[in-house]
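Residue-level structural notes
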Amino acid sequence: MDSTEVVRILSLPYSEELLARDILRMAYVAKDGSPRIVPMGFVWNGTSIVVCTTTNAPKLRHLRENPQVALTIDTEVFPPKILLIRGDADLELVDGIPDEYMSANNVYSMTDEQRTEWEKEVRSLYKQMYRITITPTWAKLIDFETTLPSAVAELIEERTTREGA
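Note that the structure is predicted; figures quoted are calculated from it, not measured.

Points about the overall build of the protein
Counting its secondary structure elements, the protein contains six helices and seven strands. The dimensions of the protein, computed from C-alpha atoms along their principal axes, are 70 × 40 × 30 Å. Put simply, the protein has 165 residues, and 36% of those count as buried. The long-range fraction of contacts in the protein, counting pairs at least 24 apart against all pairs at least 6 apart in sequence, stands at 68%. When the accessible surface of the protein is summed, it comes to about 10100 Å², and 52% of that surface belongs to carbon and sulfur atoms.

In structure tokens:
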């Protein structure tokens, strides 16, 4: 997919809403060839998606072997909004806690006291983390208003042809 088209899709209003959410699902391929998928907090920085993980996370060795990932960010309401993204994961070891990790973890409402305690725990636990930066190389927005899954669009076209004949 052309990078201009990726930027266009990621700039659509529904895409921007989805890129402001807290959780994505990241799929990657394990060394044995089997698929894996994990939910992760993330940050969209305007050009890339950044997720962070522990230095001992099993996904790291798989991503070193095959950096290709697929991401899904979606809603839980009808009609669903679904943003599908593909790209390569770039791994960077960071001393301390990456800023993206701290800002990505606003998934749950925390009181100021809870947030202070959480940050204290995180800072005592992680001496280093990996920042995983994913630059999108492919994107598709499914909003069920202007875009549909390709299989559904195909069935609608077949029905229209059949009924119009």
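Alright, that's what it looks like, and here's the rest.
Some points on the environment of serine 11
One can find serine 11 in the loop between helix H1 (3–10) and helix H2 (13–19). Exposure remark for serine 11: the relative accessible area of 39% places this residue in the partly exposed category. Put simply, serine 11 and glycine 46 are 35 residues apart on the chain and 9.3 Å apart in space, counted from C-alpha to C-alpha. From its side chain, serine 11 meets the backbone oxygen of valine 7 in a polar contact 2.7 Å long.

A short note on the nonpolar core
Leu24, Met26, Ile49 and Leu83 are the most contacted members of the largest nonpolar core, which has 26 residues in total. Of all the elements in the fold, those that place two or more residues in this core are H1, H2, strand E1 (23–29), strand E4 (49–54), helix H3 (58–65), strand E5 (68–74), strand E6 (82–95) and strand E7 (128–142). In terms of residues, this core owes the most to one element, E7, which gives five residues. Those residues in contact with leucine 24, other than ones at most four positions away along the chain, are Val38, Pro39, Met40, Phe42, Ile49, Val51, Leu71, Thr72 and Ile73.

Overview of the pairing of E5
Here three bridges tie E1 to E5, and the two strands are oriented antiparallel to one another. Bridge pairing in E5 links arginine 25 to threonine 72. Pairing between E5 and E6: seven bridges, direction antiparallel. Paired with threonine 72 across the two strands is leucine 84, which belongs to E6.

So, the sheet that holds strand E3 (residues 43–44)
Spatially, the seven strands line up as an open sheet ordered E2-E1-E5-E6-E7-E4-E3, and their pairing is antiparallel. Looking at strand neighbours, the two that pair on one side only are strand E2 (35–41) and E3, the edges of this open sheet. Direction of pairing for E4 relative to E7: antiparallel, over a ladder of six bridges. Looking at E7, one finds that isoleucine 49 is bridged to isoleucine 134.

Re the pattern of salt bridges
Any two side chains of opposite charge can pair if their charged atoms end up close together. Per the stated rule, a full pass over the model turns up seven salt bridges. Note that arginine 25 is salt-bridged to aspartate 74, the shortest N-O span being 3.0 Å. Residue arginine 25 is located in strand E1, and its partner aspartate 74 is located in strand E5; the two are separated by 49 residues in the primary sequence. Classification of arginine 25 by relative accessible area gives partly exposed; the value is 33%.

Digging into the side chain of lysine 59
Tracing the backbone shows lysine 59 in helix H3. One buried charged residue, lysine 59, forms no salt bridge at all, with the nearest opposite charge on aspartate 32 at 15 Å. Residues in contact with lysine 59, not counting those within four places in the same chain, are Met26, Tyr28, Val38, Met40 and Thr53.

Each value, and the rule that gives it
Residues numbered from 1 in each chain as written. Predicted model: local features only at pLDDT ≥ 70, side-chain atom pairs only at ≥ 80, totals over all residues. Heavy atoms only, no water. Helix = DSSP H or I, 4+ residues; strand = E, 2+ residues; numbered from the N terminus. Buried < 20%, exposed > 50% of the residue type's maximum accessible area, 1.4 Å probe, protein only. Contact = heavy atoms within 4.5 Å. Areas by Shrake-Rupley, 256 points an atom, 1.4 Å probe, with all protein chains shown as cover. Polar contact = N/O pair within 3.5 Å; in protein donor to acceptor, adjacent residues only side chain to side chain. Core = buried A, V, L, I, M, F, W, Y, C linked by side-chain atoms within 4.5 Å. Pairing = 2+ DSSP bridges. Salt bridge = Lys/Arg side-chain N within 4 Å of Asp/Glu carboxyl O. Lys, Arg positive; Asp, Glu negative; His and termini not counted.

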